[in-house]
Amino acid sequence: MAIFAYTGWMAFSGDGKYKNSVNYVKGMKALQDSNYAEAMKYLNREIAKNPDNGYAYYGLGMTYEATGNPSEALDNFNIAIKNIPSDDNYSIALAYSLKARVLRRLDDLNGAMENFNKAVETCPESADFYVMRGMEFRDHGKLEQAGKDFREAVSLDKKNAEAYVGLAEIAYIQRKYAEVIRLCNYINKLAPDHSYAYMLRAKVYMSQNKYREAVNDIVEALNAGNDKQALTGMRIIADSMPEIVLERLKKQKEKYPNDNKWNFYLGMVCEQAGDFSQAAVCYEEMYKSERSDEIAVILGNCYKETGMTEKALKYYQEAKKINPASAWIYYEKSVAERGVGMYREALADINSYIAAEPDDESGYAVRGMVKYYMGDDKGAVDDFTTAIKANNNDVLSLLYRGIFYDKAGERKKAVKDFEHVVRVDTKEGENSSAAYAYRALADKKKSEKLAAQILSRGKHCECYNIACMYSEFGETSKALMALKTAFEKGFRRFDMAECAPELENVRKLAEFNGLVNECKAKMSAHKG
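A short tour of the structure in this document, coming up. All values reported here derive from a predicted model rather than from experimental measurement.

## A closer look at the overall build of the protein chain
(1) Moving on: Along the protein chain, the regular secondary structure elements total 33 helices and zero strands.
(2) Moving on: Looking at the protein chain residue by residue over its 528 residues, the buried ones come to 54%.
(3) Moving on: Carbon together with sulfur atoms contributes 49% to the accessible area of the protein chain, which is approximately 24,800 Å² in total.
(4) Moving on: Placing the 75 positive and 77 negative side-chain charges of the protein chain at their respective mean positions leaves the two points 3 Å apart.

Okay, structure coming up:
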């Protein structure tokens, strides 16, 4: 239960003499709208005029809490407790609960529990405060006390969905899955839009490998409130069974054709499955009625991945027109430009990004790559070093700095960077940097083992990286086979393959153009 939901109730109830006070009502309305500066202004005016208005102190306490001022929040909740009329025990109890929440965030767990207890003692007839205290017990693993509070809440209010959620959570922790499903079924009858109940039931289905049932509940959770856990669950299932998720999302889109979020979720899953062309179709449909810079950038990224760089750059430009202050647009545009040899443009855009976000190491890593391709060795090494200082495990920066050191004859420094790469780039199927590093360390056996794993089970972009590795080490036949595997797995950045310096050796083969043209033809036929 979100305690902030009570701000609306507080704005229009309480002691009659303050109910219609202009400053009080305006302050609480501003708090509801998350306009904290306005809330503070009007509530302070109210207190100056009516210093005994406990409700105004309550609102001011919530404003201070929301703006990261816990000490001031506690002071105001204490004054609220003293000044709220003694016959309004619910509001006093709520102030105790809010005070407890602040104390908990300050890691004063004893103080928090003391105030949750006072809330229950002050208003024992309300289920809400048993639920709040029950949640506190649950979060500290005191399941018996939590269950007791949730059951007491149910006895006071048979329709309190949050109390049933608390009981369902305890059952889930105890792996009493049949009980979880029973309780969630009941919660869905009480509160059909309770996203968390759907998600809790989905977690049970996932643990039982009932993925279609889980996806149904995940979609209901998304429909009810864009639940973050639901998004995570959707991605987990889509990682191995995207067709189940796509099938259910398509049905939801048919049911709600004017709700753009289903186009968005469909696009997300298509991207995850590597189908960037279909993802672009979903985002294009969304973009027709919702022209935001975020969707324009996503479209740019999708078209970049399909090798349609010109169209990608068009969308990045549109994003800049919509929101010229968004630094991230320059970052994404720079990455696309670098991939097709537009190094001057890429450098200008990544410089703009770094000027706006000087503390983000990823900007320096990207600029290091651009300078690498432009032949600015010193500038590249400097940028890679800056990125590594901020993130000691930045694999690409370590790898390329090692390559530079090796070319400059600084073998000891190079070896140190390559050894660091193989220590941290360990995710199976996605560790092409480690494969390159092993090769640079003259451990061909380990390099070949990783390359084989990646070509067998890896993503298309990792297979492309293996092709680059083989090409740079002069093994052009292996490079060509790896590139073919990348294309077969869905790599569509043909324009990048046709200009990447790493593939210069393999492009000398007569078979290269034939392979690229064959894959382009297959892609065109598929579109048709």
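And the narrative resumes.
## Describing the layout of surface pockets
(1) Moving on: Within this model, the largest pocket holds a volume of roughly 1,100 Å³.
(2) Moving on: In terms of lining residues, the largest pocket is bounded by 42 residues, among which Arg338, Met369, Leu396, Asn465 and Met496 are the most central.
(3) Moving on: Residue assignment for the lining of the largest pocket shows that the elements contributing at least two residues are helix 19 (293-305), helix 21 (327-339), helix 23 (361-374), helix 25 (395-407), helix 27 (432-440) and helix 29 (460-472).
(4) Moving on: In terms of residue count, the dominant contributor to the lining of the largest pocket is helix 29 (nine residues).
(5) Moving on: Of the residues assigned to the lining of the largest pocket, the class counts are 23 nonpolar, seven polar and twelve charged.
(6) Moving on: Its volume calculated, the second largest pocket comes out at about 840 Å³.
(7) Moving on: Residue lining of the second largest pocket: 26 residues in total, with Ala273, Gly274, Asp275, Phe276 and Gly490 positioned closest to the centre.
(8) Moving on: Here the lining of the second largest pocket is composed, by residue class, of eight nonpolar, nine polar and nine charged.

## A word on the side chain of Asn76
(1) Moving on: Position of Asn76 relative to the elements: it lies in helix 6 (residues 70-83).
(2) Moving on: If near-sequence neighbours (up to four positions away) are discounted, Asn76 is found in contact with Tyr57, Leu60, Gly61 and Tyr64.

## A look at the packing of helix 29 against helix 30 (residues 476-489)
(1) Moving on: Contact geometry of helix 29 with helix 30 gives a least axis separation of 8 Å together with a crossing angle of 165°. Relative to helix 30, the element helix 29 is oriented roughly antiparallel. The two elements helix 29 and helix 30 meet at a crossing, and its hand is left-handed. On helix 30, the residues that touch His460, Cys463, Tyr464, Ile466, Ala467, Tyr470 and Ser471 of helix 29 are Lys478, Ala479, Ala482, Leu483, Thr485, Ala486 and Lys489.
(2) Moving on: Tallied by class, the residues present in the contact of helix 29 with helix 30 amount to nine nonpolar, three polar and two charged.

## Thoughts on the pattern of salt bridges
(1) Moving on: Scanning the entire structure with this criterion turns up 35 salt bridges.
(2) Moving on: Lys253 is paired through a salt bridge with Glu285; the nearest N and O atoms lie 3.0 Å apart. With Lys253 in helix 16 (residues 242-255) and Glu285 in helix 18 (residues 276-289), the pair connects residues that are 32 residues apart, well separated along the chain.
(3) Moving on: In this structure Lys253 comes out as partly exposed when scored by relative accessible area, which is 22%.
(4) Moving on: By relative accessible area, Glu285 is classed as partly exposed at 32%.
(5) Moving on: A salt bridge links Asp382 to Lys378, with the nearest nitrogen and oxygen atoms 2.9 Å apart. Linking Asp382 with Lys378, this pair stays in helix 24 (residues 377-390), spanning four residues, or about one helical turn.
(6) Moving on: When its relative accessible area of 38% is taken as the criterion, Asp382 is described as partly exposed.
(7) Moving on: Put simply, Arg104, Glu136, Arg138, Asp139 and Glu169 are held in one network by salt bridges that share partners.

## As for helix 19
(1) Moving on: The terminal C-alpha atoms of helix 19 lie 18 Å apart, and with 13 residues this matches the ideal 18 Å at 1.5 Å per residue to within 8%.
(2) Moving on: Counting buried positions over the 13 residues of helix 19 gives eleven, a clear majority of the element.
(3) Moving on: Taken together, the buried positions of helix 19 are Asp293, Ile295, Ala296, Val297, Leu299, Gly300, Asn301, Cys302, Tyr303, Lys304 and Glu305.
(4) Moving on: Buried residues along helix 19 sit against helix 17 (261-272), helix 18, helix 20 (309-322), helix 21 and helix 29.
(5) Moving on: At the exit of helix 19 stands Gly307, carrying a positive phi of roughly 80°.

## What about the packing of aromatic side chains?
(1) Moving on: Evaluation of the coordinates by the stated rule reveals 21 aromatic pairs.
(2) Moving on: When the centroid spacing of 5.7 Å and the interplanar angle of 75° are considered together, the rings of Tyr287 and Tyr315 count as edge-to-face. Separated by 28 residues along the polypeptide, Tyr287 in helix 18 and Tyr315 in helix 20 bring together distant segments of the chain.
(3) Moving on: An aromatic cluster of at least three residues, connected via ring pairs, comprises Tyr343, Tyr372, Tyr373, Phe384, Tyr400 and Phe404.
(4) Moving on: Directly above the aromatic system of Tyr315 lies the positively charged group of Lys314, at a separation of 4.8 Å from the ring centroid.
(5) Moving on: Sitting above the plane of the Phe473 ring, Arg439 keeps its charged end 5.0 Å from the centroid.

## Description of the nonpolar core
(1) Moving on: Ranked by internal contacts, the top residues of the largest apolar core, which has 110 residues, are Phe129, Ile218, Met234 and Leu249.
(2) Moving on: Once residues lying within four places of it in the same chain are set aside, the contact partners of Met234 are Ile218, Leu222, Val245, Leu249, Tyr265, Met268 and Val269.
(3) Moving on: Phe418, Cys463, Ile466 and Cys519 belong to the second-largest nonpolar core, a separate cluster that totals 55 residues.

## Quick word on the state of the cysteines
(1) Moving on: For the coordinates displayed, the defined rule picks out zero disulfides.
(2) Moving on: For Cys270, which is in no disulfide, the shortest distance to another cysteine sulfur is to Cys282 and amounts to 4.6 Å.
(3) Moving on: Residue Cys270 is classed as buried on the basis of its relative accessible area of 6%.
(4) Moving on: Cys461 provides the cysteine sulfur closest to Cys463, a residue in no disulfide bond, and the two sulfurs are 8.1 Å apart.

Cut-offs and rules
- Residues numbered from 1 in each chain as written.
- Predicted model: local features only at pLDDT ≥ 70, side-chain atom pairs only at ≥ 80, totals over all residues.
- Heavy atoms only, no water.
- Helix = DSSP H or I, 4+ residues; strand = E, 2+ residues; numbered from the N terminus.
- Buried < 20%, exposed > 50% of the residue type's maximum accessible area, 1.4 Å probe, protein only.
- Areas by Shrake-Rupley, 256 points an atom, 1.4 Å probe, with all protein chains shown as cover.
- Lys, Arg positive; Asp, Glu negative; His and termini not counted.
- Charge placed at Lys NZ, Arg CZ, Asp CG, Glu CD.
- 1 Å grid on protein atoms, 1.4 Å probe; cavity = no way out; pocket = protein on both sides within 12 Å on 5 of 7 lines; lining within 4 Å.
- Points joined across faces, edges and corners; volume = space filled by probe spheres on them.
- Nonpolar A, V, L, I, M, F, W, Y, C, P; charged D, E, K, R; others polar.
- Contact = heavy atoms within 4.5 Å.
- Axes fitted to C-alpha atoms, helices over the stretch in contact; angles between N-to-C directions.
- Parallel < 35°, antiparallel > 145°, perpendicular 65-115°, else oblique.
- Left-handed = near helix turned anticlockwise from the far one by under 90°.
- Salt bridge = Lys/Arg side-chain N within 4 Å of Asp/Glu carboxyl O.
- Expected span 1.5 Å × (residues − 1).
- Phe/Tyr/Trp six-rings, centres within 6.5 Å; stacked < 30°, edge-to-face > 60°.
- Lys NZ or Arg CZ within 6 Å of the ring centre and 35° of its normal.
- Core = buried A, V, L, I, M, F, W, Y, C linked by side-chain atoms within 4.5 Å.
- Disulfide = S-S within 2.5 Å.

Interpretation in functional terms is not warranted from these geometric data alone.
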